[in-house]
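A look at the structure
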Amino acid sequence: MAVVLFIATGSNVGQQISIDAGQIVRIGRTSRSDYAFPNDSYLSGAHFEVNCNGADCAVRDLGSSNGTFVNGARIDQTAVGVKDGDQISAGEMTFLVQISAGELQSTAQSLVASAERTARMHAAGFEPRQPVQTVLAGERKRVHDILMYQTAPLFAVVDATRDSSLPQLVETSALRSQPLFEPAGEATGHAPVLVELGQASSENERRGVHAFLEGFLLGGWGKSWGIFFTSIESLDAMAAHFRRFLLTHAGDERPLHLRLYDPSILRAFLPACEPKEIAAIFGPVVSYLIESDRPETMLAISRGADGLIITRVSLTEQPMQAGAGQ
């Protein structure tokens, strides 16, 4: 396949759309599109199209109500070239453009002029995102893409006692972090650390987040090293939130340590909670993104009006067929 659009955010996260050379694909909410996502009410019936012609790949808006954005810049109905690693945002979804390694060299030069033409659309201070190169593959590569391109700020709580490389990984990534327990306090032997990954808006931030995610996923995915979550609150506010319930006291005042940053514990504990307990654990958290009990999936857990919303996200999703979702 020439190009894949990998859905990194939204209700269809994990799915992918393949586009062959010479093919034009329309994406939207209704059957007017080749790939329809009727559950995304922010999409227009036919929202945008992607056209792959030989070495070139371009996207254009189809007169949508809420707009189509390439790397954060709104585009119009003029075709705009895209390359490997670019993001197309439409409705509630972010599509990550993935071009096979064999195509990268041939497309690099042909898209330079197109990128220059679209520079005038960038807002003041806008910094186009560059593709992130990674040694990850398979399921870990999918997890990386889902986490890297979240639309809400991303955080992690990691258990620094799980592996001797974790403290160094946090330090060398140069990301902001806070220990959730005092080193010499009541929770000796437990060392959860809150790490702020943010939205990686600048190139330096992207490098730090990428380094952290790559190290974490290579060494610890599937080994309960920690959890990820999204929130619009600050690092300090999130640290205060987790400290309220990770360490409490039993009736005899002995410390009671809740390892809810262990994904195997969190995914078993949350469904058994009462509504008030769920509200306390979520607080300002928008969603938890954690390992599942099966290596080919991950879990996205959020709080709905009627209880938990648990989505099992496929990490081995095959490309969608035209007409899927209609």
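Residues numbered from 1 in each chain as written. Predicted model: local features only at pLDDT ≥ 70, side-chain atom pairs only at ≥ 80, totals over all residues. Heavy atoms only, no water.

Of the regular secondary structure elements, the protein chain holds 8 helices and 21 strands. For the protein chain, the share of sequence-separated contacts (at least 6 apart) that also reach a separation of at least 24 residues comes to 58%. Carbon together with sulfur atoms contributes 49% to the accessible area of the protein chain, which is approximately 15100 Å² in total. (Helix = DSSP H or I, 4+ residues; strand = E, 2+ residues; numbered from the N terminus. Contact = heavy atoms within 4.5 Å. Areas by Shrake-Rupley, 256 points an atom, 1.4 Å probe, with all protein chains shown as cover.)

Spatially, β4-β3-β5-β6-β9 is the arrangement adopted by the 5 strands of the open sheet, whose pairing is mixed. Two strands close off the open sheet at either side, each with one partner strand: β4 (35-36) and β9 (80-81). Summarising the sheet, strand β3 (residues 24-28) and strand β5 (residues 48-53) pair through 4 bridges and their orientation is antiparallel. Bridge pairing in β5 places Val-25 opposite Val-50. (Pairing = 2+ DSSP bridges.)

Here the focus is the pattern of salt bridges. Inspection of every chain in the model, using the stated rule, returns 10 salt bridges. Residue Lys-141 is joined to Asp-145 by a salt bridge in which the shortest nitrogen-to-oxygen separation is 2.8 Å. Note that Lys-141 and Asp-145 are positioned in helix α3 (residues 138-148) at a spacing of 4 residues, about one turn of the helix. Residue class for Lys-141 comes out partly exposed when judged on its relative accessible area of 22%. Judged by its relative accessible area of 2%, Asp-145 is buried. Among the ionic contacts, a cluster of salt bridges with common partners joins Asp-159, Arg-162, Arg-259 and Asp-262. (Salt bridge = Lys/Arg side-chain N within 4 Å of Asp/Glu carboxyl O. Buried < 20%, exposed > 50% of the residue type's maximum accessible area, 1.4 Å probe, protein only.)

Take Asp-61: it is sitting in strand β6 (residues 56-61). Within the local environment of Asp-61, its side chain forms a polar contact with the side chain of Ser-64, the two groups lying 2.6 Å apart. Ignoring sequence-local partners within four residues, the contact set of Asp-61 consists of His-47, Phe-48, Gly-67, Thr-68, Ile-75, Asp-76 and Gln-77. (Polar contact = N/O pair within 3.5 Å; in protein donor to acceptor, adjacent residues only side chain to side chain.)

Of the residues in the protein chain, 80% reach a pLDDT of 70 or more, and the chain-wide mean stands at 82. In the predicted structure, residues 101-129 sits below a pLDDT of 50 and forms 35 contacts with residues beyond four places in sequence or in another chain. Contacts from residues 184-188, a stretch scored under 50 in pLDDT, to residues over four places away or in other chains number 6 contacts. (pLDDT = per-residue confidence, 0-100.)

Compared with an ideal rise of 1.5 Å per residue, which puts 12 residues at 16 Å, helix α6 (residues 235-246) spans 16 Å between its outermost C-alpha atoms and is within 8% of the ideal. Turning to α6, its buried residues are Leu-235, Met-238, Ala-239, His-241, Phe-242, Phe-245 and Leu-246. Looking straight down α6, one finds its buried side chains confined to an arc of 160 degrees; they lie on one side. (Expected span 1.5 Å × (residues − 1). Arc of directions from axis to C-beta.)

Bringing the packing of aromatic side chains into the picture now. The description of two aromatic rings rests on the distance between their centres and on the angle between their planes. Evaluated as defined, the whole model comprises 10 aromatic pairs. Their ring planes at 75 degrees and their centres at 5.1 Å tell us that Phe-216 and Phe-228 sit as a pair that is edge-to-face. Taken together, the positions of Phe-216 in helix α5 (residues 203-220) and Phe-228 in strand β15 (residues 226-230) put the pair 12 residues apart, joining distant regions of the chain. The rings of Phe-155, Phe-229, Phe-242, Phe-245, Phe-282 and Tyr-288 are connected pair by pair, giving a single aromatic cluster. (Phe/Tyr/Trp six-rings, centres within 6.5 Å; stacked < 30°, edge-to-face > 60°.)

Take the pairing of strand β14 (residues 192-198) next. The side chains of a regular strand alternate, first on one face of the sheet and then on the other. Taken across its 7 residues, β14 has 5 buried, putting it largely inside the fold. Judged from the 6 bridges that link them, strand β12 (residues 154-159) and β14 form a sheet pairing that is antiparallel. From the neighbouring strand, Asp-159 faces β14, where its bridge partner is Pro-192.

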